[in-house]
Amino acid sequence: IHNAGDLHFGADGYLYASVGNSNLESPLPGITVPISQDLTRLGGKILRILPDNAAPNGYRTDGNPFDLAANAWRCGPLANPPGSGSGPCKEIYAYGFRNPFRFTIQPGTSTPFAGDVGGGVWEEVDQVDGGGNYGWPVREGPCPGGVVCDPATQTPVPGMTDPVYYSAHSPINANVDPDVIVGDFYTGSAYPPEYQGNLFIADYVRGFVRRLVFDAQAHKWNAIAPDFATNGSGMIGLRAGPGGDLYYLMFITDQSATNEIHRIRYAPGSNQAPVAKISASPLNSPSFATVYTFKSA
């Protein structure tokens, strides 16, 4: 749970990886810092490495925020278990995440946009910059951790970066909470022009696909209503694919269900052929004399 997430290459050639906090909400014995804020451990982080067969363990960490910090060390190889070094991990690119299960890279850049699954109050989308602290567990969404607040009344916390988009759980701290899935930027030509550059996100529990559009004047991302798609509960991945269509991957824990890859096509022009569904009234009766009415309207 909250162990690993996603892998993407940036335009800089580096490999970026998201790692959850292993569901360690509190520090380990003898450690006073929660894992997401602990720079000596890889949990709750976005990592960045440059594959290089000539380098130790096959990768380099040049240019990473903590690569040249005092006592910095390579935390990744299995030969270096947690606690092997006293300084920050060289592989860390950004920190303060709870469960960044899915992320994407903005096209033409090396900027990750990550969906950080919330604890019980907020889901958030983060624009990830090198060295950034995204707050967990001190912060969740635009508020202090685990708190419902009015975002308009909040001021930025020094040293921490607020999300570029957030949405509240409803109800708060429910047994079945939302789970944000990021998603992909749309750069294809199969959809109309207004979709260009949109960031598509989804939700594993609520089952929607939502698009975020950047307002250059206000310098913020806005969700466009209504939702782009609905009734997709169980989505664990959303990507733009061949032909410019969006594809999403379903994983439903009910083993009687079919786990599938779905495609969302744009079909302009004429009316689309309806899908016929037959209904009957009444649904059942113990008598053979019952008169049924069937409709396929």
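These numbers were taken from a predicted model, which means no experiment stands behind them.

A short note on empty space enclosed by the protein
Tallying each qualifying case throughout the model produces two cavities of 30 Å³ or more. Computed from the structure, the largest cavity encloses a volume of approximately 60 Å³. Residue lining of the largest cavity: Glu-123, Glu-124, Val-125, Tyr-165, Tyr-166, Ser-167, Val-180, Ile-201, Ala-202, Asp-203, Arg-206 and Phe-208, and that is the complete set. Elements that contribute at least two residues to the lining of the largest cavity include exactly strand E8 (122-127), strand E11 (165-168) and strand E13 (199-203). Of the residues belonging to the lining of the largest cavity, the class tally is seven nonpolar, one polar and four charged. In this structure, the second largest cavity occupies an estimated 40 Å³ of space. Residue lining of the second largest cavity: Arg-98, Asp-116, Val-117, Gly-118, Gly-119, Trp-122, Glu-124, Trp-136, Arg-139 and Glu-140, and that is the complete set.

Here's the deal with the sheet that holds strand E12 (residues 180-185)
The four strands lie next to each other as E12-E13-E14-E15, forming an open sheet whose pairing is antiparallel. The open sheet has two edge strands, E12 and strand E15 (220-223), and neither has a second partner. Geometrically, the sheet is characterised by an average inter-axis angle of 30 degrees between neighbouring strands, direction not taken into account. Bridge count between E12 and E13: five bridges; the pairing is antiparallel. Across the sheet, residue Asp-184 finds its bridge partner in E13, namely Phe-200.

Quick word on the pairing of strand E14 (residues 209-215)
Summarising the sheet, E13 and E14 pair through four bridges and their orientation is antiparallel. Bridge assignment links Ile-201 to a residue of E14, and that residue is Arg-210. Between the end of E13 and the start of E14, which pair antiparallel, lie five residues, with Gly-207 showing a positive phi angle near 80 degrees. Sheet topology places E14 next to E15; four bridges connect them, and they run antiparallel. Along E15, the bridge assignment pairs Leu-212 with Ala-223. Linking two consecutive strands that pair antiparallel, namely E14 and E15, is a turn of four residues; a positive phi of about 55 degrees is found at His-219 within it.

What to know about the state of the cysteines
The full count for this structure, using the stated rule, is two disulfides. Sulfur-sulfur distance for the disulfide between Cys-75 and Cys-89 comes to 2.0 Å. Note on the Cys-75 and Cys-89 pair: the S-S dihedral is about -95 degrees, so by sign convention the disulfide is left-handed. Here the residue Cys-75 occupies a position in the loop between strand E4 (59-60) and strand E5 (92-95), and Cys-89 occupies one in the loop between E4 and E5, the gap between them amounting to 14 residues. Under the relative-accessibility criterion, Cys-75 is labelled buried at 8%. Two residues share a disulfide in this structure: Cys-143 and Cys-149, whose sulfurs sit 1.9 Å from each other. Its S-S torsion of approximately -80 degrees makes the covalent link between Cys-143 and Cys-149 left-handed. Among the residues examined, Cys-143 registers a relative accessible area of 0% and is labelled buried. If one numbers only the bonded cysteines of the protein, in the order they occur, the disulfide pattern is 1-2, 3-4.

What to know about the pattern of salt bridges
Scanning the entire structure with this criterion turns up eight salt bridges. The partner of Asp-6 in a salt bridge is Arg-239, and the shortest N-O contact between them spans 3.1 Å. In this pair, Asp-6 sits in the segment before strand E1 (7-9) while Arg-239 sits in strand E16 (residues 235-240), placing the two residues 233 residues apart along the sequence. Among the residues examined, Arg-239 registers a relative accessible area of 25% and is labelled partly exposed. Among the salt bridges present, the one from Arg-60 reaches Asp-62, with a minimum N-O distance of 3.3 Å. Taking the relative accessible area as the measure of exposure, Asp-62 reaches 37% and is therefore partly exposed. Residues joined in a network through salt bridges with shared partners are Asp-52, Arg-60 and Asp-62.

About the thresholds
- Residue numbers restart at each chain and count upward from 1, following the sequence in its written direction.
- Only residues with pLDDT of at least 70 are given local features in this predicted model, and only at 80 or more are side-chain atom pairs given and counted; all residues enter the totals for whole chains, interfaces and linings.
- The side-chain values count all of the structure's non-hydrogen atoms but skip hydrogen atoms and water molecules.
- Method remark: on a 1 Å grid restricted to protein atoms, a set of points is classed as a cavity if a 1.4 Å probe fits but cannot get out and as a pocket if it is open with protein on both sides within 12 Å along at least five of seven lines; lining residues have an atom within 4 Å of a point.
- Grid points are joined across faces, edges and corners, and a volume is the space filled by probe spheres set on the points.
- Only DSSP runs of H or I covering at least 4 residues are called helices, and only runs of E covering at least 2 are called strands; the numbering of each starts at the N terminus.
- Side-chain classes are defined by residue name, with Ala, Val, Leu, Ile, Met, Phe, Trp, Tyr, Cys and Pro counting as nonpolar, Asp, Glu, Lys and Arg as charged, and the others, Gly among them, as polar.
- A strand pair is defined by DSSP finding two or more bridges across the two strands.
- Interaxial angles span 0 to 180 degrees and are taken between N-to-C directions of axes, which are lines fitted to C-alpha atoms, for helices over the stretch in contact.
- In this description, a disulfide is simply a cysteine sulfur pair whose atoms lie within 2.5 Å.
- Note on classification: 1.4 Å probe, protein chains only; a residue is buried when its accessible area is under 20% of the maximum for its type, exposed when over 50%, partly exposed between these limits.
- What counts as a salt bridge is simple: a side-chain nitrogen of Lys or Arg found within 4 Å of a carboxyl oxygen of Asp or Glu.

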